[in-house]
Protein chains: 4
Amino acid sequence: MRITQENISENNQSILSAHQQELDFLSGLLSKEGVDIWALIDKIKEFQIAVPSWALGAGGTRFGRFGLGGEPRNLEEKLEDIGLLKALTQKTSSVSLHIPWDIPSDYSTITGLASELGISFDAMNSNTFQDYGQQETYKLGSLGNAKKSIRNQAVDHNIQVIEIGKKLGSKGLTVWLADGSNFPGQSSMRNALQWTQESLTQIYTAMPDDWKLLLEYKPYEPNFYHTIIPDWGTSSLLCKSLGDRAKVLVDLGHHLPNTNIEQIVATLMYQDMLAGFHFNDSKYGDDDLTTGSIKPYQLFLIFCELISGSEDGAQTWESISWMIDASHNTKDPLEDLMQALEVISICFTKALLVDRKKLSACQLDGDVVGAQECLQEAFQRDVRPLVREARIQNGGAANPITLYRKLEVRKNLIQERGANSRSTGL
Amino acid sequence: MRITQENISENNQSILSAHQQELDFLSGLLSKEGVDIWALIDKIKEFQIAVPSWALGAGGTRFGRFGLGGEPRNLEEKLEDIGLLKALTQKTSSVSLHIPWDIPSDYSTITGLASELGISFDAMNSNTFQDYGQQETYKLGSLGNAKKSIRNQAVDHNIQVIEIGKKLGSKGLTVWLADGSNFPGQSSMRNALQWTQESLTQIYTAMPDDWKLLLEYKPYEPNFYHTIIPDWGTSSLLCKSLGDRAKVLVDLGHHLPNTNIEQIVATLMYQDMLAGFHFNDSKYGDDDLTTGSIKPYQLFLIFCELISGSEDGAQTWESISWMIDASHNTKDPLEDLMQALEVISICFTKALLVDRKKLSACQLDGDVVGAQECLQEAFQRDVRPLVREARIQNGGAANPITLYRKLEVRKNLIQERGANSRSTGL
Amino acid sequence: MRITQENISENNQSILSAHQQELDFLSGLLSKEGVDIWALIDKIKEFQIAVPSWALGAGGTRFGRFGLGGEPRNLEEKLEDIGLLKALTQKTSSVSLHIPWDIPSDYSTITGLASELGISFDAMNSNTFQDYGQQETYKLGSLGNAKKSIRNQAVDHNIQVIEIGKKLGSKGLTVWLADGSNFPGQSSMRNALQWTQESLTQIYTAMPDDWKLLLEYKPYEPNFYHTIIPDWGTSSLLCKSLGDRAKVLVDLGHHLPNTNIEQIVATLMYQDMLAGFHFNDSKYGDDDLTTGSIKPYQLFLIFCELISGSEDGAQTWESISWMIDASHNTKDPLEDLMQALEVISICFTKALLVDRKKLSACQLDGDVVGAQECLQEAFQRDVRPLVREARIQNGGAANPITLYRKLEVRKNLIQERGANSRSTGL
Amino acid sequence: MRITQENISENNQSILSAHQQELDFLSGLLSKEGVDIWALIDKIKEFQIAVPSWALGAGGTRFGRFGLGGEPRNLEEKLEDIGLLKALTQKTSSVSLHIPWDIPSDYSTITGLASELGISFDAMNSNTFQDYGQQETYKLGSLGNAKKSIRNQAVDHNIQVIEIGKKLGSKGLTVWLADGSNFPGQSSMRNALQWTQESLTQIYTAMPDDWKLLLEYKPYEPNFYHTIIPDWGTSSLLCKSLGDRAKVLVDLGHHLPNTNIEQIVATLMYQDMLAGFHFNDSKYGDDDLTTGSIKPYQLFLIFCELISGSEDGAQTWESISWMIDASHNTKDPLEDLMQALEVISICFTKALLVDRKKLSACQLDGDVVGAQECLQEAFQRDVRPLVREARIQNGGAANPITLYRKLEVRKNLIQERGANSRSTGL
């Protein structure tokens, strides 16, 4: 199924006048405060977020998975789904593939389809946390396994992923290492760290010069006593040993309770060490809920750090990668992704509205109350008209979810692909 | 120092036209959606929040305390401070006293002053967590102490607090029990629970028929292994053994990491067992930060439960008590309280805006995405014009903090009371 | 495969003399302190723990599962595995079945086999958290679903489980309710609680008079915003509305970070409301690790509460059910269960060694240091000779894991059942 | 008050024969397993732990403090208290001073007394988290304050502390930085980190060549939104920018919930970056309870890492500093410290008993069950006879707390110093 420009325009027509009124009023208010509305809308328009290939089907937990219907059956259909998202939101210009789930059978077909849909290939993802027919098992780890032959196999797999990525025009490799242990004593934590460092060095060396290595950290799950890369500190330690093109990837769900994530962002930018984000939200652990659905203020504060860090020259905005990485257990993934894109856009916009000069003055004066007022002034603002305007200008739908439902997209996908199609992924 | 109606009017004049414009535009939008703006503003106007007498000076931690200047030196000056807050916000019509810190030397002076300032006496607070010259030490507990004589002393103290409250017109007793233990084995947790139940029964029996007992829970601090009343379940267990007028008090900071507090509110209302709130916010523990400064969405969700619970008839709105209970370690307490009042009003208003019929339909239809849209529709709205209008109609300042600073209130208080005055409290 | 009494005796012979020496020395020490060694050993011998049918194969996470080889392919083989455990440890005299995974095709075969192996049927477990061909989906809940037809189906399933249990001689039904929501707004938490209460009432009513309902609580997973029964308070609230035979089941992994679980045990016993335990251990969440592998001192403290609660007459020891519920992701399940049985026995024994009179005196005297010394005195003791002696007297192996490996049990099971056999379960 | 060698000998005499019997039996068992008992006892004897000067009086919380009686009134009396501890345990050969609380009025008196008592001066501690009469307030921070003059003052204070330490023979400076913020926006986290780095550089430069800088981290308290050095990663980042003699100090209570602290130890040793320890225990936060009183197995695992890291040559044992840092709110500090010293010795000894060759083989073979057995084999052992023997050989009491009580030390101290004497400290 494809959504046409006509579908979009027709739908937008019906709410354009109400939208314009809201936009005008908000513009009036903001202009009085010295905000350059059009520059701001341009920034929103330019901000694009990658979608992972594995997030287009129903997710699940260890207790089970509930099918969805119409899930993409292959890489082509995954691209089509992202194409639908792109048509509606104009915010998803790239896809992040996962190997071995997404090995193209025919490269030209895939690159052709991607090009037609205006989708490029974001960072590639390797998989050394499952057994899928390879020689040796990853049951007790991969890049940090005590057995050299298993480490070698995992390194080779990552190099193969790089090769596939090169053919698609990707420029990055994301490594999420599930390695760790379930029980005290099971592994030598120091040795495992050293082996991991050695394995990563081999992978880094095999990477083209214009590629970036994005190294994730995660404190637990699927291992429940220790993971080899549990925190930003360990990821950073490894990246620094690799070289300039290795940086730390922040997945919002990969933290211990009460972690100040926005501070980690600040600390990484301080060192020019932030690779990018996996957006999601959580109340308990790596819950992989829709980003902004639980702690929207945290997301806003993260964007405040990102904007401040890039405007201050700590790290460039362009050097940072953006991806959504949530699990859609009870929602239609496409609708869920649209909700995520909306809240990301809203928080980004609100963060842009922060009066940074005033905030900085409060910080220097020790005016704690004033600083909080600055943030509230931006956060309380209803910026949806700006986000909508940016989307409309980009050619997207004024109200993507409404249109998605009106066009009965899921129903169409089920008709095309069946009610029991199952997407590869988690 | 007093703030006059003239101070207020003069100040409001200057921003009234801008305010009116914003209010009109928002009213237009909301009216189209069927919202009765004026009924809504009336609800905001009616919503009043108590201020505790101990939150008007600088707070501190076990590592120290940094003075503020101009702190109230006695109960009269505490009332005056609340009078200032009331003049500016018209949201603080009552004070919650703490005994022994606030024993009136002359009752008629105090009630006269309170009446003049339009302040009534909210629930009384007892103190059995410190030694202040009483016969026996509370070092190892009070109402649940292993020594009967200490339990008796703590019961007597609470009864004395009730007597003082009766003279002031209070109608409630809040019991926060710090009792617990620091080490496994230190106390028999079952015995301590039973002694506590017996002590509370004596206190409850001594309470007038039109009084309410508000029983707090807290998982840790100042005891760090166990507390006798760690969670809502234990508080509820005790309250049910006491009688209908004993209910569970929710202090937002008194929960383990990741607790779903809004669910506790729902569960308590399900049983008609919610006594009321101590508003504050926290990132780690009982941090006692300004409410809404860390997790504003959680505060919004709590108000959603409160409104839904009362509108569905689970528990009446009038039966619930509201108080701010934060510690002002680095901010001017009066400014901090104004920030708290503002964010409470905002979250309350947003929760009132939730289209509950639509939400309910989504819930019955299993439309998870739609339900989230309902909440976002209300939460993303900028409701500050409504909150401001309610305040202006009530006779308060359009922008309380700005006026407070313009009038140099703190400077005046320092002149009156000195730079080193110290308020009783934490 | 069966392990014979000869296998056991032959093996025990080799270490009997060393064992006897250790036992004698320890007996000498303890006797001097007034401990009745033989009464103590009798208590260890009598303490039996149920094994769940679903814990005999490899467990997994949402990221995957690594097979084990020789996993039981059906209910008969599950019983055989428990028979092996029983032969080695003499600690596992019952099995807890899970429906629909364990519906007997022929009841007399199953009861005959169980009887031959000396295994009885512990509490039955229902499953309303997965779809396995039933009419309506449990995607959005079961007993607390917004749709009445789904609630009815879930109630009927539980009643069917009771019917099956009756034929097997079980005397209990364990309800773990996965119901909840992933996002704020998704469900009305109050309504869901009420529906759950109504559904449970129907189930309770259908239960024979000599059955017990064990109601579990869990704060999150597989739902990540709220679960209908998140804590002991909610479970207790529901049980009290049902009747005397409904009690609260404590799964050690089902708590928020830092929860004082031993206090929950004390509070439940205070009310005669403790149904029993699911033993496991965790560092982060419901990690389902081997019990005692992460926090052995906590397990000891839990047993201290259990012994004190039953000796004080708060709740009888016989009214409490015991089961191991761990997930064996990287270990051989049979070996893992033997490790769990060992550490449970050790902590139980150490808790029996606590000088409760001395402890009680310390508590009454406020001797915090002395109380801690009492617990340390018991915890530091090496009680393995006592646990070993109890096992030998019961007819089990002196060193179960060593014998298990010597007999190459897993290798035999793989030969019998294949390297890719897969057990039903999680 | 002093405890004489006669006091010790007389007391030891009475239990020597029972002790010898236990020791002999244990030696017999361990010798069979190839353990060199006497080498092991030597290691226990050599292991010495510093005591901080501020932990000899009653601690407290922000809710209050309960006095103890007989608290040391000055530095001399603090040394005397440590002298008592030393006489009883022979484990506390040094003291860690805190400035400005412990500025010697006369250096030769202090060094003379220390020398007489056999106490040396461990790392010095600076205080930039309180106001004690200095020019500028530390209310909003010190080394990372936005105001340069305040940063300078804090740097100067640290340099003064170094000067005092030099006169006493100390060789280290411990910096615990309480700096941070209570609210989002209050401070620029990147700027604060940079200022901190600059300030630390000045301090490091002022340090003698044979000194070590021990840099603590702590996620929260007394600041509750962010702290400038929240985790080992940030501390490590700063230390690396300073130079080889700056290393990361681990205080066991300074971690977010569920942190794997033993892994942090391993990761720091991997980099030769571990400065040392502040021993205590916690259930919730920085509870400062007696080390080993809540999670003794964690303490054992930490010692396993320490021994393995030093034996493998990752970092030398001698380069690591050891100190107890607990708060004694309800216990007599001297008794509490003796309990801490005992459990530290026990866990250290058990960790020494781990069969590291066997463990290593299990790790390489992927024998998860076997690895756990290795740890259990050591942890379940009752090693108190070894710890006692080491203490006796060193000239200490067989049972220090018993003798302390028999000699009525606290009663004597109260007679000497009064019931209301108050020690400086927290």
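Residues numbered from 1 in each chain as written. Chains lettered and ligands numbered in written order. Predicted model: local features only at pLDDT ≥ 70, side-chain atom pairs only at ≥ 80, totals over all residues. Heavy atoms only, no water.

**A short note on the overall build of chain A**
Helix and strand counts for chain A stand at 15 helices and 13 strands. Radius of gyration (C-alpha) of chain A: 22 Å, near the 22 Å computed for a compact globule of 426 residues. Viewed in the frame of its principal axes, chain A has a C-alpha envelope of about 65 × 60 × 40 Å. Across the 426 residues of chain A, 69% fall into the buried class. Within chain A, counting contacts between residues at least 6 apart in sequence, those at least 24 apart form 80% of the total. Summed over all atoms, the accessible surface of chain A reaches about 13,400 Å², with 48% contributed by carbon and sulfur. (Helix = DSSP H or I, 4+ residues; strand = E, 2+ residues; numbered from the N terminus. Rg over C-alpha atoms; globule rule 2.2 N^0.38 Å. Buried < 20%, exposed > 50% of the residue type's maximum accessible area, 1.4 Å probe, protein only. Contact = heavy atoms within 4.5 Å. Areas by Shrake-Rupley, 256 points an atom, 1.4 Å probe, with all protein chains shown as cover.)

**Some points on the packing of aromatic side chains**
Per the counting criterion, the structure on display carries 83 aromatic pairs over all chains. With 5.8 Å between their ring centres and 55° between their planes, Phe47(A) and Trp317(A) make a pair best called tilted. Within this pair, whereas Phe47(A) is found in the loop between helix H2 (37-46) and strand E1 (51-52), its partner Trp317(A) is found in the loop between helix H9 (296-311) and strand E13 (321-324), the two being separated by 270 residues in sequence. An identical accessibility class is assigned to Phe47(A) and Trp317(A); each is buried. Between Phe277(D) and Phe279(D) the ring centres are 5.5 Å apart and the planes differ by 5°, which places this aromatic pair in the stacked class. A relative accessible area of 1% means that Phe277(D) is categorised as buried. Taking the ring centre of Phe379(A) as reference, the NZ or CZ of Lys350(A) above it sits at 4.4 Å. (Phe/Tyr/Trp six-rings, centres within 6.5 Å; stacked < 30°, edge-to-face > 60°. Lys NZ or Arg CZ within 6 Å of the ring centre and 35° of its normal.)

**Digging into the confidence of the model for chain A**
This prediction gives chain A a mean pLDDT of 97; 100% of its residues lie at or above 70. Across the predicted assembly, pTM comes out at 0.98 and ipTM at 0.97. (pLDDT = per-residue confidence, 0-100.)

**Quick notes on the sheet that holds strand E7 (residues 172-175) of chain A**
All names here are of chain A. Pairing within the open sheet is parallel, and its six strands lie in the order E6-E7-E9-E11-E12-E13. In this open sheet, the two edge strands, each paired with only one partner strand, are strand E6 (124-125) and E13. Inspection of the sheet shows strand E11 (residues 246-251) paired to strand E12 (residues 274-279) by four bridges, in the parallel sense. Pairing of Val-250 across the sheet is with Phe-277, part of E12. Contacts from helix H7 (residues 232-242) reach strand E9 (212-216) and E11, with the element oriented near 160° to E11. (Pairing = 2+ DSSP bridges. Axes fitted to C-alpha atoms, helices over the stretch in contact; angles between N-to-C directions.)

**Focus: the relation of the copies chain C and chain D**
Put simply, the second copy of the chain is the first one after a rotation about an axis and a shift along it. Overlaying chain C on chain D yields an RMSD of 0.0 Å, the required transformation being a rotation through 180° with an accompanying axial translation of 0.0 Å. What we have between these two chains is a two-fold relation. In terms of C-alpha distance to the rotation axis, chain C has Asp382(C) as its closest residue, with the C-alpha 2.5 Å off the axis. Of the interface residues in chain C, 100% have counterparts in chain D that sit at the interface too, so the contact is made through matching surfaces. (Least-squares fit on C-alpha atoms with pLDDT ≥ 70 in both.)

**Quick look at the packing of helix H3 (residues 75-89) of chain D against helix H4 (residues 107-117) of chain D**
Angle between the axes and distance between the axes are the two parameters that describe a pair of packed helices. All names here are of chain D. Interaxial distance between H3 and H4 falls to 10 Å at its minimum, and their mutual angle equals 10°. It follows from the interaxial angle that H3 and H4 lie roughly parallel. Every residue of H4 that contacts H3 at Leu-75, Glu-76, Leu-79, Glu-80, Gly-83 and Lys-86 is listed here: Thr-109, Ile-110, Leu-113, Ala-114 and Leu-117. Among the residues making up the contact of H3 with H4, the classes are represented as six nonpolar, two polar and three charged. (Parallel < 35°, antiparallel > 145°, perpendicular 65-115°, else oblique. Nonpolar A, V, L, I, M, F, W, Y, C, P; charged D, E, K, R; others polar.)

**Comments concerning the relation of the copies chain A and chain D**
Take chain A, turn it by 180°, move it 0.0 Å along the axis, and it overlays chain D with an RMSD of 0.0 Å. When the interface residues of chain A are mapped onto chain D, 100% of them again fall at the interface, so both copies present the same face.

**A word on the pattern of salt bridges**
The tally for this structure, following the rule as stated, stands at 115 salt bridges over all chains. Here Asp286(B) and Lys218(B) are joined by a salt bridge, their closest N and O atoms 2.8 Å apart. Highlighted residues: Asp286(B) in the loop between strand E12 (274-279) and helix H9 (296-311) and Lys218(B) in the loop between strand E9 (212-216) and strand E10 (226-227), separated in sequence by 68 residues. Summarising the burial analysis for this pair, Asp286(B) and Lys218(B) share the class buried. Here Arg73(D) ties to Glu77(D) by a salt bridge, and the two come within 2.5 Å at their closest N and O atoms. Taking relative accessible area as the criterion, Glu77(D) reaches 9% and is therefore assigned buried. Via salt bridges that share partners, Glu33(A), Glu377(A), Arg381(A), Asp382(B) and Arg384(B) belong to a single interconnected network. (Salt bridge = Lys/Arg side-chain N within 4 Å of Asp/Glu carboxyl O.)

**So, the interface of chain C and chain D**
On the chain D side, the residues contacting the 37 residues of chain C number 37 residues. Roughly 3,500 Å² is buried in total at the junction of chain C and chain D, and carbon and sulfur atoms are behind 50% of that figure. When the area that chain C buries against chain D is broken down by residue, the three leading residues are Asn258(C), Val369(C) and Gln380(C), summing to 19%. Where chain C packs against chain D, one counts four salt bridges. (Buried area = accessible area lost by both parts, 1.4 Å probe.)

**Brief notes about the interface of chain A and chain D**
Facing 54 residues of chain A, the contacting portion of chain D comprises 54 residues. The junction of chain A with chain D conceals about 4,200 Å² of combined surface from both sides, 60% of it contributed by carbon and sulfur atoms. Taken as a group, Arg190(A), Gln263(A) and Tyr270(A) account for 19% of the area that chain A buries against chain D, more than any other trio of residues on that side. There are two salt bridges connecting chain A and chain D. Residue Asp312(A) is joined to Arg190(D) by a salt bridge in which the shortest nitrogen-to-oxygen separation is 2.9 Å. Taken together, the connections running from chain A to chain D amount to 16 residue pairs in polar contact (both at pLDDT 80 or more). (Polar contact = N/O pair within 3.5 Å; in protein donor to acceptor, adjacent residues only side chain to side chain.)

**Some remarks on the packing of helix H4 (residues 107-117) of chain C against helix H5 (residues 148-168) of chain C**
All names here are of chain C. Where H4 contacts H5, the two axes come as close as 10 Å, and the packing angle between them is 55°. By the criterion of interaxial angle, the relationship of H4 to H5 is oblique. Between H4, through Tyr-107, Ile-110 and Thr-111, and H5, the contact on the second element is made entirely by Ile-164, Lys-167 and Leu-168. Taken together, the residues of the contact of H4 with H5 sort by class into four nonpolar, one polar and one charged.

**A word on the UniProt feature "domain: Xylose isomerase-like TIM barrel" (unreviewed entry) in chain A**
Following the UniProt record, one finds the feature "domain: Xylose isomerase-like TIM barrel" (unreviewed entry) at residues 108-288 of chain A. Helix makes up 39% of residues 108-288 of chain A and strand 16%, and the two end C-alpha atoms of the span are 33 Å apart. (UniProt positions renumbered as here; feature names shortened; annotations may be inferred.)

**Topic: the sheet that holds strand E4 (residues 94-96) of chain A**
Taken in spatial order, the three strands make up an open sheet running E1-E4-E5 (chain A), and their pairing is parallel. The outermost strands of the open sheet, each flanked by one partner alone, are E1 and strand E5 (120-121) of chain A.

**Comments concerning the side chain of Arg391(C)**
In this fold, Arg391(C) is placed in helix H13 (residues 384-394). Leaving out residues up to four positions away in the same chain, Arg391(C) has contacts with Leu88(C), Thr89(C), Glu342(C), Gly396(C), Ala397(C), Ala398(C) and Pro400(C).

**Section: the nonpolar core**
The biggest cluster of nonpolar side chains holds 516 residues, and the ones touching the most others in it are Phe303(A), Phe303(C) and Phe303(D). In this structure, Phe303(A) is in contact with Phe47(A), Phe279(A), Trp317(A), Trp322(A), Ile344(A), Cys347(A), Phe348(A) and Ala351(A), ignoring residues within four places of it in sequence. (Core = buried A, V, L, I, M, F, W, Y, C linked by side-chain atoms within 4.5 Å.)

**Comments concerning the pairing of E7(A)**
All names here are of chain A. Neither face of E7 is exposed, since Gly-172 and Thr-174 on one face and Leu-173 and Val-175 on the opposite face are all buried. For E6 and E7, the ladder comprises two bridges, and the chain directions are parallel. Considered in E7, the bridge of Asn-125 is made with Thr-174. Handedness of the crossover joining E6 and E7 through helix H5 (residues 148-168): right-handed. Of the pairings in the sheet, the one linking E7 to E9 comprises four bridges and is parallel in character. Residue pairing across strands places Val-175 opposite Leu-215, the latter belonging to E9. (Right-handed = clockwise from strand over helix to strand, strands pointing away.)

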